[in-house]
Amino acid sequence: MCGIVAGIAQRNVVPILLEGLRRLEYRGYDSAGLAVIESSVIKRKREVGKVSSLEALIKEEPISGNIGIAHTRWATHGKPSTANAHPHMSGLKVAVVHNGIIENYAQLKELQLERGYEFTSQTDTEVIVHGIYEELKTENSFISAVLKATNKLEGAYALAIICQQHCDTLVVCRKGSPLVIGVGIGEYFVASDVAAILPVTQRFIFLEDGDIAEIKLDAVKIIDAKGNCVTREIKQTSLSLDAVDKGNYRHYMLKEIHEQPDAIARTIEGKIINGRVSEQALGHSASEIFDYIKSIQIIACGTSFHAGLVARYWFEGFAGVPCNVEIASEYRYRSPVLSKDTLIITISQSGETADTIAALGEARRLGAKYAITICNVLESSLGRASDLVIQTNAGPEIGVASTKAFVTQLTVLLLLVIVIGRRFKLPKNLEAKLSSELANLPAMVRNVLALDGEIKIMAEQFSEKHHALFLGRGAHYPIAMEGALKLKEISYIHAEAYPAGELKHGPLALVDSDMPVVTVAPNNSLLEKLKSNIQEVSARGGQLIVFMDEQLVPNDDVNLKIIKVPSVEDEVSAIIYAVPLQLLAYYVAVLKGTDVDQPRNFS
Ligand code: GLU
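Residues numbered from 1 in each chain as written. Predicted model: local features only at pLDDT ≥ 70, side-chain atom pairs only at ≥ 80, totals over all residues. Heavy atoms only, no water.

**Q** Mind showing me how you'd approach the pattern of salt bridges here?
**A** Summed over the entire model, instances satisfying the criterion amount to 33 salt bridges. Between glutamate 55 and arginine 22 there is a salt bridge, and its shortest N-O distance comes to 2.4 Å. You can see glutamate 55 sitting in helix α2 (residues 51-60) and its partner arginine 22 sitting in helix α1 (residues 14-24), a full 33 residues away along the chain. With relative accessibility at 34%, the residue arginine 22 sits in the partly exposed group. Salt-bridge contacts for glutamate 134 lead to lysine 137; the nearest nitrogen and oxygen are separated by 3.1 Å. Overall, the relative accessible area of 21% leaves glutamate 134 in the partly exposed class. The exposure class of lysine 137 is exposed, given its relative accessible area of 53%. (Salt bridge = Lys/Arg side-chain N within 4 Å of Asp/Glu carboxyl O. Helix = DSSP H or I, 4+ residues; strand = E, 2+ residues; numbered from the N terminus. Buried < 20%, exposed > 50% of the residue type's maximum accessible area, 1.4 Å probe, protein only.)

Given below as structure tokens:
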């Protein structure tokens, strides 16, 4: 997902928009652009590459204005190029930045071509700006013209628009993509993420899906999806500016990995009272929901999906709660069967994952009575569409590769296993054990972070490698999947994860001395089976890197490199073993010299 920043003020907005883009860069960055109204004329600058390139261009060819829009693009339609970079313009009179996808752009384009509009890009965005231009021919009001034009759009979008005829007005809208309005003193800024405009304000209006807003220096008018004029509350955010600084760390990702003990502590804060997880602390509707449901359907994408897969082992294994886990982008298209007493749990770092939002809509359509979301942003779209939001309190995650969001999602899931499990078959003594392990999690994660230096050295084994296998068993299989995902997304080494028992059904054929095999070996009932799998790899000359409980005695196999992980209770070991795999991916990426916080081809 790309980034949008816009503003209207009595001062020059260009430096604020550029700073906002820099702060959003982690979300999409193949090109960037900015447009302002300068002396009643729209001036635009666009550049391929990072925001710093756009900044350099503007330094050379300065522009300024009191009203402007800006964008970092992550290409969906048309390659990254200056012509495809936003803002897009129509007749040099209207300029638009767009986050999202217009699904019916081809039909609209055909009509607009017949009307004589000229297209200068391959994006789906250009139909929006021509559509608004067309409506402005007959509409005196800017917002009405945008409303009419957007009514013809299908798909997901957040838009910020300026128009030469209405140079005192900024119009913005959102449908399926996030957008917030930052309220300053006599000025307004708009962004796709609050982090972008924290330096200028901490007061925000969170637009609802379908809202369109007309912003002037002295007022904001909002029209909702039904066409009614509405007032939206101004909320003060608790996010601070330092939360999005890198501190002394070389990369955000490393900082975020090391923030995990605190993030977990914040997530469980106030939820364990006298050694017992309080369900009231999860929200006032929690008990009503848990009393009603008979099974669970978890829906998520990417790393959050892996968190869901771990939770399935817990829900079913600890508490006998039937649990399914599904990738959101599949769920919405496969006609699933659902009963109304199945609890939907969506998981998403931002709460704005489009596929997950759509899948939740589908689950509701199929009759799901209750939905919970686990996300980092209370006011997010998923939050608003759910009956209960359980916030992860991880703080802003700037590195694209999710780390602290993952472990805090697992923490919340374990809280849910306890409170829901009580109504199923979770034994009392296991409940007490899980609750105390939860309380100890921050300390356990802090211990495992001490492996940082050792893992850094181990990472050198990967510098010449092109492929890697990750193995795990039980709840550690999804942890191996997450480890493989981290490695491939930031180091570009092709990595696959397998449940260790599957090796003999095919992947063993890949094993040779060029194929490092990373194995997660906690001290649990599956260990003996895992040891046999390790033998299978070693016998084929495969180089094994085993993250092993420190109490286990490794054999002296030359192909075996062991990293001893501090002993932890088996129930929570999946959370603990996720951490060294994050560090491994991080250090391999650093050694390979990739852009760790902003990997290529990524949103
Ligand atoms: N679909 C638009 C494009 O390809 C917007 C992409 C984005 O969200 O950055 O230009």
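Now that the structure is up, let's keep going.
**Q** Quick question: what am I supposed to make of the site of the ligand here?
**A** In the vicinity of the ligand lie 13 residues, with Arg73, Thr76, His86, Gly100 and Asp124 positioned nearest. Note that an oxygen atom of the ligand is positioned 3.1 Å from one of the backbone N or O atoms of histidine 77. At 2.8 Å, a side-chain N or O of histidine 86 approaches an oxygen atom of the ligand. Relative to its unbound accessible area of 300 Å², the ligand is 98% covered by the protein chains. When contributions to the shell around the ligand are tallied by element, the ones reaching two or more residues are β4 (67-73) and β6 (94-102). With three residues, the top contributor of residues to the shell around the ligand is β6. For the shell around the ligand, the class distribution of residues is two nonpolar, nine polar and two charged. (Near = heavy atom within 4 Å. Polar contact = N/O pair within 3.5 Å; in protein donor to acceptor, adjacent residues only side chain to side chain. Areas by Shrake-Rupley, 256 points an atom, 1.4 Å probe, with all protein chains shown as cover. Nonpolar A, V, L, I, M, F, W, Y, C, P; charged D, E, K, R; others polar.)

**Q** Help me understand the sheet that holds strand β21 (residues 371-375) in this model?
**A** Hydrogen bonding along the main chain pairs the strands of a sheet, whether they run parallel or antiparallel. The five strands lie next to each other as β19-β18-β20-β21-β22, forming an open sheet whose pairing is parallel. Only two strands of the sheet have a single neighbouring strand rather than two, namely β19 (323-327) and β22 (388-391). The sheet shows a mean angle of 20° between the axes of neighbouring strands, direction not considered. Bridging between strand β18 (residues 295-300) and β19 involves five bridges; their strand directions are parallel. (Pairing = 2+ DSSP bridges. Axes fitted to C-alpha atoms, helices over the stretch in contact; angles between N-to-C directions.)

**Q** Even after reading the chapter, I still don't get the nonpolar core, so can you show me in this structure?
**A** Nonpolar side chains in soluble globular proteins tend to be buried together. Phe290, Trp314, Phe315 and Leu416 are the most contacted members of the largest nonpolar core, which has 97 residues in total. Looking at this core, the element that brings in the most residues is helix α18 (residues 573-592), giving 15 residues. With residues up to four places along the chain from it excluded, the contact list for phenylalanine 290 reads Glu279, Leu282, Leu343, Ile372, Leu388, Leu416, Val419, Ile420 and Arg423. (Core = buried A, V, L, I, M, F, W, Y, C linked by side-chain atoms within 4.5 Å. Contact = heavy atoms within 4.5 Å.)

**Q** Just to check I follow, could you spell out the sheet that holds β4 for this structure?
**A** Read across the open sheet, the eight strands follow the order β3-β2-β4-β1-β10-β9-β11-β15; overall the sheet is antiparallel. Looking along the sheet, the strands with just one partner apiece sit at the ends: β3 (41-48) and β15 (235-236). Pairing of strand β2 (residues 31-38) with β3, which is carried by eight bridges, proceeds in the antiparallel orientation. Its bridge partner being in β3, leucine 34 is matched across the sheet by lysine 45. Where α1 meets the sheet, it contacts β1 (3-8), β2, β4 and β10 (188-191), and its direction lies at approximately 160° from that of β1. Running at roughly 135° to β3, α2 makes contact with β2, β3 and β4 of the sheet.

**Q** Which parts of the structure should I look at to understand helix α7 (residues 260-268)?
**A** Three- or four-residue spacings in an α-helix give side chains the same orientation, since the helix completes a turn every 3.6 residues. Of all the positions in α7, only Gln260, Pro261, Ala263, Ile264, Thr267 and Ile268 are classed as buried. The buried residues of α7 all sit within an arc of 165° when viewed along its axis, so they share a single face. The secondary structure elements touched by the buried residues of α7 are α6 (252-258), β16 (272-273), β22, α13 (404-421), α14 (428-449) and α18. (Arc of directions from axis to C-beta.)

**Q** Help me understand the side chain of threonine 150, please; the structure alone is not making it clear to me.
**A** Position of threonine 150 relative to the elements: it lies in helix α5 (residues 142-151). The exposure class assigned to threonine 150 is buried, which follows from its relative accessible area of 7%. A polar side-chain atom of threonine 150 sits 3.1 Å from the main-chain carbonyl oxygen of leucine 147. Those residues in contact with threonine 150 that sit more than four places away from it in its chain are Tyr157, Leu159 and Cys173.

**Q** Explanation requested: the side chain of lysine 465 in the structure shown.
**A** If you trace the backbone, lysine 465 turns up in the loop between α15 (452-458) and β23 (467-472). Within the buried set, lysine 465 has no salt-bridge partner at all; the shortest N-O distance to an opposite charge, 4.1 Å, is to aspartate 514. Once residues lying within four places of it in the same chain are set aside, the contact partners of lysine 465 are Ile493, Ser513, Asp514, Pro516, Gln543 and Lys592. (Lys, Arg positive; Asp, Glu negative; His and termini not counted.)

**Q** How do you make sense of the environment of cysteine 167 when you look at a structure like this?
**A** As for its position among the elements, cysteine 167 is in the loop between β7 (155-163) and β8 (170-175). Sequence spacing of cysteine 167 and isoleucine 418 is 251 residues, and the spatial spacing of their C-alpha atoms is 56 Å. Once residues lying within four places of it in the same chain are set aside, the contact partners of cysteine 167 are Ile37 and Ile67.

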